[in-house]
Amino acid sequence: MSSVQIVWLRRDLRLADQPAFHAAAQAGPVVPVYVLDDDRAGDHAYGGASRVWLHHSLDSLARSLGAHRSRIVLRRGDAPQVLAALADEVGAACIHAMRHYEPWWKEAEDELRDALGDDCKLCLYDGNYLLPPGSVTTGSGSPYKIYTPFSKAMLDVMPPRDPLPEPDTIHSPDSWPDSPDLQDWQLLPAKPDWAGGITDFWDFGETAAHDRLDWWANEVADYDEGRNLPSQDITSRLSPHLHWGEISPAQVWYKLKDKRSDGWRTFAKELIWRDYAQNVIDQFPDYPRESYRDYDERKLWRNPDAGHLIDEDLECWQKGMTGYPIVDAGMRQLWQTGWMHNRVRMIAASFLVKHLLIDWRCGEQWFWDCLVDADYGNNGVNWQWISGTGVDSNMFVRIMAPLTQSEKFNSADYIREYVLELGDLSDDCIHDPPDEKRGDYPSKMIGHKEARERALEAYRAAK
DNA sequence: ACAGTGTTGGA
DNA sequence: CCAACACTG
């Protein structure tokens, strides 16, 4: 009888194309375990929306495992200690885990290796990205900082490895370790149940991810044109499924690779962007916490300490009360559904940083708390891109014009859906309603021209 | 073999 | 502005 194999699950909550699970199932009886470790990530412990997703995704995976007469063991605490103890308890020969590149997980993997005795080893696998971070480097051997040459290099060495099948059989151990009920973790909100919008908007888990991908295979051709139109929302909405590892990017790649449309080529670049962000945080672990460029940030932000005190302007933005309908529609969509259309994310983020001159980290934290697809790499890289504080091009200060963008991308229906006060306004005035048509809806916090000039001046002064 | 310089272009 | 690469000597 072969010895027990532990599968340490993190954001890889799937059975198919899950290299760690695959290897464990071939090696012996499997004990899948999820460790809720809230301290390790510090300021990036899972936010409210992420916890809702995590609950449903774990629940879904437990059901799938149930069909194999297997289950998930739940544990709470410092992951390396908890896992080392569990390995002792079940007499495991190996802990199999997908490699993760958040700095706290890299640290935990090292600590776990040290904590394990001679009888149990740690086996790490890649597979949550198209290629393992660090796979492509510049001609001189250093990691890429700029997206476009990175993506060209990626395309040169693609495609990704072939996806693995789901394990045929998953053998159970002779006896199961104790585990609390998932309900006991209270990942779902208690009294005011604000998660209704999230559960209405999403289906969770591996099967739902593949259903979504099947749907997307018929839509992706229109992505090139449609991805910028919030009202039509021609986007995959795969981001949370990918973040939680309910589906792998290799599975997405192989499902869509024969589509040969412009839409597919553009979508492929977005998948590569996800790998790019992971490469950036692998290279600069604090990237989502620190500006990469050394601006004099005391001259840049209007409220250098707003990270610690709740700024009134920050609150207007968070609640979708800026007076700019496209920004407010986006912020309200985020609050209701745990997600925001990508085009609108750019507009809303740019508004916080450029129009309000509020430190991008305040926005990063809010998104971290509200997004079901909150991802350390993507969130940090995208916020620094919008702020112009990041590794990428910095040749001019990019200030998006929210009203122009709103009209250009036909967002009238999107605004009507999320800013109910403006529900009766016509297409021609909904993007920037005159005061007498605003009713309960607030007037603009600051005019675009004035904000633009103020931002240009602040960025010049802080250079 | 590779440091210095020029050219190109950036979600 | 500056990363990345091609070209140079």
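Here the structure is a predicted model, which means the values were calculated and not measured.

Procedures and definitions
Residues numbered from 1 in each chain as written. Chains lettered and ligands numbered in written order. Predicted model: local features only at pLDDT ≥ 70, side-chain atom pairs only at ≥ 80, totals over all residues. Heavy atoms only, no water. Helix = DSSP H or I, 4+ residues; strand = E, 2+ residues; numbered from the N terminus. Rg over C-alpha atoms; globule rule 2.2 N^0.38 Å. Buried < 20%, exposed > 50% of the residue type's maximum accessible area, 1.4 Å probe, protein only. Contact = heavy atoms within 4.5 Å. Pairing = 2+ DSSP bridges. Axes fitted to C-alpha atoms, helices over the stretch in contact; angles between N-to-C directions. Left-handed = near helix turned anticlockwise from the far one by under 90°. Nonpolar A, V, L, I, M, F, W, Y, C, P; charged D, E, K, R; others polar. Core = buried A, V, L, I, M, F, W, Y, C linked by side-chain atoms within 4.5 Å. Near = heavy atom within 4 Å. Polar contact = N/O pair within 3.5 Å; in protein donor to acceptor, adjacent residues only side chain to side chain. Right-handed = clockwise from strand over helix to strand, strands pointing away. UniProt positions renumbered as here; feature names shortened; annotations may be inferred. Phe/Tyr/Trp six-rings, centres within 6.5 Å; stacked < 30°, edge-to-face > 60°. Expected span 1.5 Å × (residues − 1). Parallel < 35°, antiparallel > 145°, perpendicular 65-115°, else oblique. Salt bridge = Lys/Arg side-chain N within 4 Å of Asp/Glu carboxyl O.

This brings us to the overall build of chain A. What chain A contains, in helices and strands, is 20 helices and five strands. Over its C-alpha trace chain A gives a radius of gyration of 23 Å, about what one expects of a compact globule, namely 23 Å for 463 residues. Looking at chain A as a whole, 59% of its 463 residues qualify as buried. Restricting to contacts in chain A with at least 6 residues of sequence separation, those with at least 24 account for 80%.

Once that is clear, we can look at the sheet that holds strand β3 (residues 73-76). Judged by pairing direction, the sheet is parallel, and its five strands sit side by side in the order β3-β2-β1-β4-β5 without closing on themselves. Only two strands of the sheet have a single partner each, and these edge strands are β3 and β5 (121-125). Here the strands of the sheet are splayed against their neighbours by 30° on average, with no regard to which way each runs. As judged from the four bridges shared by strand β1 (residues 5-9) and strand β4 (residues 94-98), these two strands associate in the parallel manner. Along β4, the bridge assignment pairs W8 with A97. Lying over the sheet, helix α2 (residues 48-67) contacts β1, β2 (30-36) and β3, oriented at roughly 170° with respect to β2.

Where helix α13 (residues 312-319) meets helix α16 (residues 360-370), the closest approach of the two axes is 11 Å, and the angle between their N-to-C directions is 35°. Both α13 and α16 take part in a crossing whose hand is right-handed. Judged by residue contacts, L314, W317 and Q318 of α13 engage C362, G363, W366 and F367 from α16. The residue makeup of the contact of α13 with α16, split by class, is five nonpolar, two polar and no charged.

What follows deals with the nonpolar core. Grouped together as the largest cluster of nonpolar side chains are 113 residues, with contacts concentrated most on W8, I95, F267 and W317. A total of 10 residues in this core trace back to one element, the largest contributor, which is helix α11 (residues 262-283). Core analysis: the second largest hydrophobic core is formed by 31 residues, L13, L36, W53 and I170 among them.

Further remarks concern the protein's contact with DNA strand B. Taken together, I146, Y147, T148, E270, W273, N382, W385, S393 and M395 make up all the residues around DNA strand B. At the protein interface, 27% of the atoms of DNA strand B within 4 Å belong to sugar or phosphate. Separating a base nitrogen of DNA strand B from a side-chain N or O atom of N382 is a distance of 2.8 Å. Of all the elements in the fold, those that place two or more residues in the surface near DNA strand B are α5 (147-157), α11 and α17 (376-387). Residues of the surface near DNA strand B, tallied by class, amount to five nonpolar, three polar and one charged.

This brings us to the pairing of β4. Where burial is concerned, most of β4 is hidden: five out of the five residues are buried. Residues of β4 alternate between two faces, with C94, H96 and M98 on one and I95 and A97 on the opposite face, all of them buried. Note: β4 against β5, five bridges, orientation parallel. Considered in β5, the bridge of I95 is made with L122. Taken together, β4, helix α4 (residues 103-115) and β5 form a β-α-β motif whose crossover is right-handed.

Sites flagged by UniProt as "domain: Photolyase/cryptochrome alpha/beta" (unreviewed entry) map to residues 3-130. Counting secondary structure, residues 3-130 comes out at 42% helix and 20% strand; the distance between its end C-alpha atoms is 32 Å.

The next point concerns the protein's contact with DNA strand C. For DNA strand C, the full set of nearby residues is T138, G139, Y144, K145, I146, P149, R293 and M395. Those atoms of DNA strand C that come within 4 Å of the protein belong to sugar or phosphate at a rate of 85%. Note that a phosphate oxygen of DNA strand C is positioned 3.0 Å from one of the backbone N or O atoms of G139. At 2.5 Å from a phosphate oxygen of DNA strand C is found a main-chain nitrogen or oxygen belonging to K145.

With that settled, consider the packing of aromatic side chains. Summed over all chains, the structure comprises 30 aromatic pairs. Between W202 and W339, the ring centres sit 6.3 Å apart and the planes meet at 75°, which makes this aromatic pair edge-to-face. One end of the pair, W202, is in the loop between α6 (196-201) and α7 (206-217); the other, W339, is in the loop between α14 (325-337) and α15 (342-355), and 137 residues separate them in sequence. This pair shows no difference in class: W202 is buried, exactly as W339 is. Site record: aromatic cluster; members linked through ring pairs are W215, W216, Y223, W253, W264 and F267.

With 13 residues, α4 extends 18 Å between its outermost C-alpha atoms, agreeing within 8% with the 18 Å of an ideal straight helix rising 1.5 Å per residue. Restricting attention to buried positions, one finds in α4 the residues P103, W104, W105, A108, E109 and L112. Elements in contact with the buried residues of α4: β1, α3 (79-90), β4, β5 and α17.

Below, the discussion takes up the packing of α7 against helix α10 (residues 249-256). Running from amino to carboxyl end, α7 crosses α10 at an angle of 30°, the nearest separation of the two axes being 10 Å. Between α7 and α10, the angle falls in the class roughly parallel. Crossing handedness for the pair α7 and α10: right-handed. For the pair α7 and α10, contact is made by H210, L213, D214, W216 and A217 and by Q251, V252, K255 and L256, respectively. Among the residues making up the contact of α7 with α10, the classes are represented as five nonpolar, two polar and two charged.

Before going further, it helps to examine the pattern of salt bridges. All chains considered together, the criterion is met by 34 salt bridges. Measuring nitrogen to oxygen at the nearest pair gives 3.0 Å for the salt bridge that ties R161 to D17. Taken as a pair, R161 in the loop between α5 and α6 and D17 in the loop between β1 and α1 (19-27) lie far apart in primary sequence, 144 residues in all. With a relative accessible area of 0%, D17 lands in the buried category. By sharing partners, the salt bridges in this structure join D37, R40, D78 and E111 into a single network.

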